[in-house]
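Per-entry structural report
Each chain, written out:
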Amino acid sequence: QVQLVESGGGLVQPGGSLRLSCAASGLIFKISHMGWYRQAQGKQRELVAGITNGGDTNYADSVKGRFTISRDNAKNTVYLQMNNLKPEDTAVYYCSHNVQSRFFDPVITYWGQGTQVTVSS
């Protein structure tokens, strides 16, 4: 089994910054894609940013130029640096890891517990 633990959410004023972290632990052979998603109240969950194990990244148009995703493979951790935050960024943020626990195992997507980000003055 694999567990993902998120940290770094909170309340911030518009224009402020936050850094989210998501660390995986457990039986891990390889982690391919890591990502951050968010779900605002009354809306569907959407992809915010993703990163492959080769370092290729992709972002939602709404966060390009403001958010940066990165990963530390030695720590099985993905980060999301969020700058110039806007009220519309308010949501619960979830991380995901695509994990292969052993060489012959299939890839399984694991999710973090979610962390609330609120942008308000």
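Values in this document were obtained by computation on a predicted structure and should not be read as measured data.

The next point concerns the nonpolar core. Membership of the largest hydrophobic core comes to 28 residues, with the highest contact counts inside it found for Trp36, Val48, Phe67, Val78, Leu80, Met82 and Tyr93. Breaking this core down by element, the ones donating at least two residues are strand E1 (2–7), strand E3 (18–26), strand E4 (30–39), strand E5 (46–51), strand E7 (67–72), strand E8 (77–82), strand E9 (91–100) and strand E11 (115–119).

Moving on to the pattern of salt bridges. Counted by the stated rule, this structure contains 5 salt bridges. Among the ionic pairs, lysine 64 bridges to aspartate 61, the shortest N-O distance being 3.1 Å. Just as lysine 64 is exposed, aspartate 61 falls in that class too. Arginine 66 is the partner of aspartate 89 in a salt bridge, and the nearest nitrogen-oxygen pair spans 2.7 Å. With a gap of 23 residues between them, aspartate 89 in the loop between E8 and E9 and arginine 66 in the loop between strand E6 (57–59) and E7 connect regions that are remote in the sequence. Judged by its relative accessible area of 1%, aspartate 89 is buried. Given a relative accessible area of 8%, arginine 66 falls into the buried group. Salt bridges sharing common partners tie together Arg38, Glu46, Arg66 and Asp89.

On to the environment of glycine 15, then. Looking at the secondary structure, you find glycine 15 in the loop between strand E2 (10–12) and E3. Take glycine 15: its relative accessible area is 47%, and that puts it in the partly exposed class. With residues up to four places along the chain from it excluded, the contact list for glycine 15 reads Asn84 and Leu85.

Conventions we followed
- Residues numbered from 1 in each chain as written.
- Predicted model: local features only at pLDDT ≥ 70, side-chain atom pairs only at ≥ 80, totals over all residues.
- Heavy atoms only, no water.
- Core = buried A, V, L, I, M, F, W, Y, C linked by side-chain atoms within 4.5 Å.
- Buried < 20%, exposed > 50% of the residue type's maximum accessible area, 1.4 Å probe, protein only.
- Helix = DSSP H or I, 4+ residues; strand = E, 2+ residues; numbered from the N terminus.
- Salt bridge = Lys/Arg side-chain N within 4 Å of Asp/Glu carboxyl O.
- Contact = heavy atoms within 4.5 Å.

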